[in-house]
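# Descriptive structure summary
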Amino acid sequence: MKLIWTVLKVLLAVFMIYAGSQHFIKPAFFNAFVPDFLIYKTAVIYASGIIEVLLGLLLLVPKYASKAAFGIFILMLLFLPIHIWDVFSETPAIGSHKAALIRLPIQFVLIALSYKLYKTNA
């Protein structure tokens, strides 16, 4: 069972590092996800990218893995309203309504996985 959780932890870390790096490669892609009431959208996109990459890397360091898992859990909770809003929006921020319907359950999986990794001390 420990092997399964280790594999899931590495997969989550790779996902976070990849997703975070995309904030720098294609920042315009993330513009639609940043609510209009936030100023400096590009700075928000870059900051969230830095946080995602950092948490992904720290998840791979045993000493910090549990804290990183908790950080990912909090980050995914913060992103959840955006994904919920996207499902109920007439025009989803990115892609089709079908894509928004796919992203929302994935968000719940990421929340559950990061919480479980935190509780098992990653």
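Here's what I pulled together on the structure shown here. (Residues numbered from 1 in each chain as written. Predicted model: local features only at pLDDT ≥ 70, side-chain atom pairs only at ≥ 80, totals over all residues. Heavy atoms only, no water.)

## Quick look at the overall build of the chain
A count of helical and extended segments in the chain gives 4 helices and 0 strands. For 122 residues, the compact-globule estimate of 2.2 N^0.38 gives 14 Å, and the chain sits close to it at 15 Å. Of all intrachain contacts in the chain linking residues separated by at least 6 positions in sequence, the fraction that spans at least 24 positions is 63%. Entry remark: accessible area of the chain is about 7600 Å², with carbon and sulfur atoms responsible for 75%. (Helix = DSSP H or I, 4+ residues; strand = E, 2+ residues; numbered from the N terminus. Rg over C-alpha atoms; globule rule 2.2 N^0.38 Å. Contact = heavy atoms within 4.5 Å. Areas by Shrake-Rupley, 256 points an atom, 1.4 Å probe, with all protein chains shown as cover.)

## Focus on the packing of helix α1 (residues 2–25) against helix α2 (residues 41–59)
At a minimum axis distance of 7 Å, the contact between α1 and α2 shows a crossing angle of 155 degrees. Taken together, α1 and α2 sit at an angle that is classed as roughly antiparallel. The element α1 and its partner α2 pack so that their crossing is left-handed. Contacts between α1 and α2 involve Lys9, Leu12, Ala13, Met16, Ile17, Ala19, Gly20, Ser21, His23 and Phe24 from the first element and Ile45, Tyr46, Ser48, Gly49, Ile50, Glu52, Val53, Gly56, Leu57 and Leu59 from the second. A breakdown of the residues in the contact of α1 with α2 according to their chemical character gives 12 nonpolar, 6 polar and 2 charged. (Axes fitted to C-alpha atoms, helices over the stretch in contact; angles between N-to-C directions. Parallel < 35°, antiparallel > 145°, perpendicular 65-115°, else oblique. Left-handed = near helix turned anticlockwise from the far one by under 90°. Nonpolar A, V, L, I, M, F, W, Y, C, P; charged D, E, K, R; others polar.)

## As for unusual backbone geometry
Unlike most non-glycine residues, Tyr40 shows phi in positive territory, near 55 degrees. You can see Tyr40 is positioned in the loop between α1 and α2. Overall, Tyr40 belongs to the exposed group, its relative accessible area being 65%. (Buried < 20%, exposed > 50% of the residue type's maximum accessible area, 1.4 Å probe, protein only.)

## Details of the environment of Leu104
Residue placement: Leu104 occurs in helix α4 (residues 97–119). For the pair Leu104 and Val87, spaced 17 residues apart in sequence, the C-alpha to C-alpha distance is 7.5 Å. Leaving out residues up to four positions away in the same chain, Leu104 has contacts with Leu80, His83, Ile84 and Val87.

## Details of the layout of surface pockets
Roughly 760 Å³ of internal volume is contained in the largest pocket. Around the largest pocket, the lining is made up of 28 residues, and of these His23, Phe30, Glu52, Phe79 and His83 lie nearest the centre. (1 Å grid on protein atoms, 1.4 Å probe; cavity = no way out; pocket = protein on both sides within 12 Å on 5 of 7 lines; lining within 4 Å. Points joined across faces, edges and corners; volume = space filled by probe spheres on them.)

## Quick notes on α1
For α1, which comprises 24 residues, the first-to-last C-alpha distance of 34 Å matches the rise-based estimate of 34 Å (1.5 Å per residue) to within 8%. The inward-facing, buried residues of α1 abut α2, α3 (65–88) and α4. (Expected span 1.5 Å × (residues − 1).)

## Some details on the nonpolar core
Counting residues in each nonpolar core, the largest one holds 19 residues, and the members touching the most others are Leu12, Met16, Leu59, Ile72 and Met76. Those elements giving two or more residues to this core turn out to be α1, α2, α3 and α4. For this core, the leading source of residues is α3, giving 8 residues. When residues no more than four places from it in sequence are discounted, the contact partners of Leu59 are Lys9, Leu12, Ala13, Ala65, Ala68, Ala69 and Ile72. Counting 5 residues, the second-largest nonpolar core is a separate cluster that includes Phe30, Phe33, Ile45 and Ile94. (Core = buried A, V, L, I, M, F, W, Y, C linked by side-chain atoms within 4.5 Å.)

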